[in-house]
Amino acid sequence: MPTDEKPPPSGGAQTPPPASVEEMKEALARAEYLADEPAALVSFLAQRLGKPVLVEGPAGVGKTELAKALARASGRELIRLQCYEGLDESKALYEWDYRKQLLAIQAQAASEDGGDAKLEGIFSEAFLLERPLMRAIASPDPVVLLIDEIDKTDQEFEAMLLELLSDFQITIPELGEIAATTMPIVVLTSNNSRELTEALKRRCLYLWLDYPELEREMEIVRLHAPDLPEALARRLVEVVRMVRGLDLKKPPSIAESIDWARTLLLMAAEDIDRETFEQSMSIIVKHRTDIDLVAERVGVKLASSVGSEA
Amino acid sequence: MPAPSDQRPDAGPYGPKPDSGPPGLESKLLGFCEELRSEGVAVGTSEILDAFEALKQVPWTSQDDFREALAATIAKSQEDRRLFELLFDRWFFRTAEAVAIERGVDEREQRHEGGERLDTDELREQIRRAMLEGDEGQMRDLARLAISAFGRQGEGSGVVGVDVQRIRRTLGLSTGSQPQAEDGAEELPPIDREQLNRFERHLRRELERDLIERTSTLPPSRPLAELDRALPTSPTQDLAAVHRAVSQMKRRLATLGHEQRGRRKGRTVDVRRTMRSSLETGGVPLRLRYRPKRPRRPEIYVLCDVSTSVTSASVFFLSVLHALHDSFRKLRSFVFIERISEVTEIFEHERDFRAVAQKISSEGGVADVSGYTDYGRVWLEFLGEISDELDPRSTVIVLGDARTNGREPHAEVFAQIAERAGRLFWLNPEPRLYWNYGDSVMAAYERHCDGAFECWTTRHLENFVNVVAGGVPAAD
């Protein structure tokens, strides 16, 4: 794994875009993201075709992280729009700066009479507050635009995104169209908590991210907690997978596997036996009913396996 | 929904022939998309154009890249992806077989040449090494060898799934620690589940290939998308599939109330917050602030028929409701055949679908003597037990086929329940066509219901839960 010689996060310096899927995979790995084959391929296609990517999957599989890694790998700035209920144009696109406009009008009225002629001037870019989407479009350097948890917004907002996603331009009634000068990489993430509209899906490449396979998750854990012995890392990932197999309210995410690995390091644990597990279980399981269930199903198994090995 | 196959002029024994139309990737891909459309996947022209663009970017010699690039541009949801996988093999990797059948080529002999010369231990060692290295090509070749080595012994059952397991067992491949080879020269680490699965996939594929050659037909062209979505009607159906459906529905419905809150209609202005925010704009209230709309959280009483004809649908429905218990203020469930019994607690403690079904049948205590449903008695008992608690905020849901087996329906008691409760819904697991035929007295009850729904696919069910949770019914 290319962890030992990782380059410093390049500020504005553009790295040349990867020319093949393999190169994309390596670039992502250098950005500390171990992508699997489909993820690397779709990222590569997104860059080559200039199409937005819709990433879906359960919570905590690294959807947001993929966008961040893409930004790091390509040396672009990451602009993030966190979606939530009731998000509207004025918070996502642009807003007129009312206060500044009011002041300008008052100033005009005070300085000379007949300010009507100059009223035009208050709808210019000087009075525009740029919000994330606008910023991504207007940026002179190419950026990575992350629209996080798009499924949290309402359908009206999705419709508003359509123009942006297909033509990379925004229409402001008072100013006209503002088109992107450089092609941003757009990543949308969704937890699949509601169906997105066909129109939105049509404009995107689709990527389903699931929990990684055992080997990959082990690599990920060891990348972020390099001091953890391999045997322990394997055990940890096996237990986490066992926990995910239960019907929990919130199955443990990859980030939580990593947290747990770090916790085990701090505890200086040598093996995951029943005691260690029960002490540190709250790192990966965060619901009272889930804790009961996990203790009942997984805790018991751990004890028995320790018994048989001894 | 997909048209029945007999309406398609080109449907031969292998489905539409892949070689119809001009040769080349373009026509192939278009045909593939066409078939996806007929399965209900929305593939637009723009998506097909994207697919062609994407294919230009990846080396078409790599099987995985080719597949993923197509999937990313064409299949835009998990469900679509599943159908995509089902059809993909037929269109892009079964073509060779289809042509072979047409031309009468049978290469079973050549392909499995050399299988009999290998002994089991050596084969096992090689397979394990290939699995550890993750070498797909090697595994495929070894799978062929294994099949020929065991196929020769005349043990093939003809059922692919059985054969896969038989070969795996004979080879002594299993997860966990391995028995060492006699010479013990090399310690190989244990095989994990995934590596084994990968090998089994190859085995399955090669066996299917053999089957195709033996029977000279491709697997059926319809993946039966519609049937998959039907509600379970017998306990023998795949419970895992049911469970998956429940968890998906759970996720979708969990956010339902939230969507409602964002709606513009019927909001009330929050004067205090509006004034507060107007300070930003010099006291001019440019933007109105609204009071957030609280979602309705109904109290729910569910009555489910668990006689043999509708058990599975009932248990399934109950698990869905209990999975969603957060969105209801109160949820009490009862099951009945001849008399009623409360099962709320079972669902609180047990989340496994299988265990719930078992507990209900063992502990429910609902069958008295005959085991035939007695709706009339059920209404009387239900009213007697919880009549005090019913109020206009409560919703009663009945799931049953309304087949009284000739007993007194007591529709007037049912009317009383309807009167006390705020809303009363009836779910019938039979298609509407069968209502009121035979001993079904649906009409007598339907008059008193706020709504009666047929409910025999997950789609129906989802639609209904939407209504109960206060959402708008999804378009069917």
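The structure displayed is predicted, hence computed values, not measured ones.

Some details on the overall build of chain B
Then comes step 1: Scanning chain B for helices and strands turns up 21 helices and eight strands.
Then comes step 2: Within chain B, the proportion of its 476 residues that are buried is 30%.
Then comes step 3: Of the contacts made within chain B by residues no fewer than 6 positions apart, 71% connect residues no fewer than 24 positions apart.

Some remarks on the overall build of chain A
Then comes step 1: From N to C terminus, chain A includes 13 helices and nine strands.
Then comes step 2: By the burial criterion, 36% of the 310 residues in chain A qualify as buried.
Then comes step 3: In chain A, once contacts between residues fewer than 6 apart in sequence are set aside, the share between residues at least 24 apart is 75%.

Section: the sheet that holds strand 3 (residues 299-305) of chain B
One key point about sheets: their strands pair by backbone hydrogen bonds, in either a parallel or an antiparallel sense.
Residues and elements named next belong to chain B.
Then comes step 1: On the basis of which strands lie adjacent, the open sheet formed by six strands has the order 5-4-3-6-7-8 and mixed pairing. Every other strand in the sheet has two partners, leaving strand 5 (340-342) and strand 8 (451-454) as the edge strands with one partner each. Going from strand to strand, the sheet's axes swing by 20° on average, the running direction of each strand aside.
Then comes step 2: Bridging between strand 3 and strand 4 (residues 330-336) involves seven bridges; their strand directions are parallel. Residue Ile300 lies in a different strand from strand 4, and its bridge partner there is Leu331.
Then comes step 3: Packing against the sheet, helix 18 (residues 375-386) makes contact with strand 3, strand 4 and strand 5, and its axis sits at approximately 40° to strand 5.

Focus: unusual backbone geometry
A negative phi holds for most residues other than glycine; trans holds for most peptide bonds.
Then comes step 1: At Glu32(A), a residue that is not glycine, the phi angle is positive and equals roughly 65°.
Then comes step 2: Take Glu32(A): it is sitting in the loop between helix 1 (21-30) and helix 2 (37-49).
Then comes step 3: The backbone of Asn436(B) sits at a positive phi, close to 65°, despite the residue not being glycine.
Then comes step 4: Positionally, Asn436(B) belongs in the loop between strand 7 (423-428) and helix 20 (442-446).
Then comes step 5: We classify Asn436(B) as partly exposed; it has 14 C-beta atoms within 10 Å.

Here's the deal with the sheet that holds strand 5 (residues 143-148) of chain A
All names here are of chain A.
Then comes step 1: The strand order 2-5-8-1-9 describes an open sheet built from five strands, whose pairing is parallel. In this open sheet, the two edge strands, each paired with only one partner strand, are strand 2 (77-82) and strand 9 (205-208). Mean inter-strand twist for the sheet, computed between neighbouring axes without regard to direction, equals 20°.
Then comes step 2: Looking at chain direction, strand 5 and strand 8 (residues 185-190) are connected through four bridges and run parallel. Note that in strand 8 the partner of Leu146 across the bridge is Val187.

Regarding the nonpolar core
Then comes step 1: Residues Leu28(A), Val53(A), Val187(A), Leu205(A) and Leu207(A) are the most contacted members of the largest nonpolar core, which totals 74 residues.
Then comes step 2: In terms of residue count, helix 2 of chain A provides more of this core than any other element does, seven residues in total.
Then comes step 3: Listed in part, the 41 residues of the second largest apolar core include Leu318(B), Val398(B), Ile417(B) and Leu427(B).

Quick notes on the confidence of the model for chain B
Residue and element names in this part refer to chain B.
Then comes step 1: Per-residue confidence for chain B gives a mean pLDDT of 70; residues scoring 70 or more make up 57%.
Then comes step 2: Mean pLDDT across the elements of chain B ranges from a minimum in helix 11 (residues 225-228), with 38, to a maximum in helix 2 (residues 45-57), with 88.
Then comes step 3: Across residues 256-262 the pLDDT falls below 50, and counting only partners more than four positions away or on other chains, this stretch makes 21 contacts in the model.
Then comes step 4: pLDDT under 50 marks residues 472-476. Its contacts with residues more than four places away, or in other chains, come to six contacts.
Then comes step 5: The complex model carries a pTM of 0.63, and its ipTM stands at 0.78.

Comments concerning the packing of helix 18 of chain B against helix 19 (residues 411-420) of chain B
Residue and element names in this part refer to chain B.
Then comes step 1: Running from N to C, helix 18 and helix 19 cross one another at 35°; their axes reach a closest spacing of 8 Å. Seen from above, helix 18 lies across helix 19 with left-handed handedness. Contact with helix 18, carried on its side by Trp379, Leu380, Phe382 and Leu383, involves Val413, Phe414, Gln416 and Ile417 of helix 19 and no other residues of that element.
Then comes step 2: Residues that form the contact of helix 18 with helix 19 fall into these classes: seven nonpolar, one polar and no charged.

A word on the environment of Ala73(A)
All names here are of chain A.
Then comes step 1: Here Ala73 shows up in helix 3 (residues 63-74).
Then comes step 2: For the pair formed by Ala73 and Pro18, sequence separation is 55 residues and the distance between their alpha carbons is 9.6 Å.
Then comes step 3: Those residues in contact with Ala73, other than ones at most four positions away along the chain, are Ala27, Leu28, Arg30 and Ala31.

Topic: the pairing of strand 4 of chain B
All names here are of chain B.
Then comes step 1: Among the seven residues in strand 4, five count as buried, and that is most of the element.
Then comes step 2: When strand 4 meets strand 5, the two strands line up antiparallel, connected through three bridges. The partner of Val335 across the bridge, within strand 5, is Ser341.
Then comes step 3: Taking the residues between adjacent antiparallel strands as the criterion, strand 4 and strand 5 are bridged by three residues.

Quick notes on helix 9 (residues 214-224) of chain A
Then comes step 1: For helix 9 of chain A, the full list of buried residues reads Glu217(A), Met218(A), Ile220(A), Val221(A) and Arg222(A).
Then comes step 2: Residues of helix 9 of chain A that are buried sit in contact with helix 10 (230-245) and helix 11 (254-267) of chain A.

Quick look at the confidence of the model for chain A
Then comes step 1: Here chain A averages 82 in pLDDT, and 89% of its residues register 70 or above.
Then comes step 2: Throughout residues 304-310 of chain A the model reports pLDDT below 50, and contacts reaching past four residues in sequence, or to other chains, amount to two contacts.

Quick look at the environment of Asn463(B)
All names here are of chain B.
Then comes step 1: For Asn463, the location among the structural elements is in helix 21 (residues 458-468).
Then comes step 2: Of the residues examined, Asn463 has 17 C-beta atoms within 10 Å and is grouped as partly exposed.
Then comes step 3: Between the C-alpha atom of Asn463 and that of Phe453, which follows or precedes it by 10 residues, the distance is 9.7 Å.

Thoughts on the packing of helix 9 of chain A against helix 11 of chain A
All names here are of chain A.
Then comes step 1: At a closest axis distance of 9 Å, the pairing of helix 9 and helix 11 adopts a crossing angle of 50°. It follows from the interaxial angle that helix 9 and helix 11 lie oblique. Helix-helix and strand crossings are classified by hand; for helix 9 and helix 11 the assignment is right-handed. Side by side, helix 9 and helix 11 meet where Glu217, Ile220, Val221 and His224 of the first sit next to Ile254, Ser257, Ile258 and Ala261 of the second.

A few points about the environment of Pro392(B)
Residues and elements named next belong to chain B.
Then comes step 1: Counting through the fold element by element, Pro392 comes out in the loop between helix 18 and strand 6 (394-399).
Then comes step 2: For Pro392, a count of 8 C-beta atoms within 10 Å corresponds to the exposed category.
Then comes step 3: Sequence separation between Pro392 and Glu419 is 27 residues, and the spatial gap between their C-alpha atoms is 8.7 Å.

Scoring rules and cut-offs
- Chains are numbered independently. Their residues run from 1 in the order of the written sequence.
- To label them, take the chains in the order written and letter them from A, then take the ligands in the order written and number them from 1.
- Local features in this predicted model are restricted to residues whose pLDDT is 70 or higher, and side-chain atom pairs enter the listing and the counts only when it is 80 or higher, whereas totals over whole chains, interfaces and linings include all residues.
- Only DSSP runs of H or I with at least four residues qualify as helices, and only runs of E with at least two residues qualify as strands; both kinds are numbered from the N terminus onward.
- The exposure label follows from counting other C-beta atoms within 10 Å of a residue's C-beta, where the C-beta atoms are placed from the backbone and the thresholds are 20 or more for buried and 12 or fewer for exposed, leaving partly exposed in between.
- The contact criterion used here is simple: two residues whose C-beta atoms, placed from the backbone, lie within 7 Å are in contact.
- At least two DSSP bridges between two strands are needed for those strands to be called paired.
- To get an axis, fit a line to the C-alpha atoms, keeping to the stretch in contact for a helix; angles then go from 0 to 180 degrees between the N-to-C directions.
- For our purposes the nonpolar core covers buried Ala, Val, Leu, Ile, Met, Phe, Trp, Tyr and Cys residues that link as a set through C-beta atoms within 7 Å.
- pLDDT measures the predictor's confidence residue by residue and takes values from 0 up to 100.
- Each crossing gets its hand from how the near helix is turned against the far one by less than a right angle, where anticlockwise is left-handed and clockwise is right-handed.
- Residues are grouped as follows: Ala, Val, Leu, Ile, Met, Phe, Trp, Tyr, Cys and Pro are nonpolar; Asp, Glu, Lys and Arg are charged; every other residue, Gly included, is polar.
- The scheme is simple: roughly parallel for angles under 35 degrees, roughly antiparallel for over 145, roughly perpendicular for 65 to 115, oblique for anything else.

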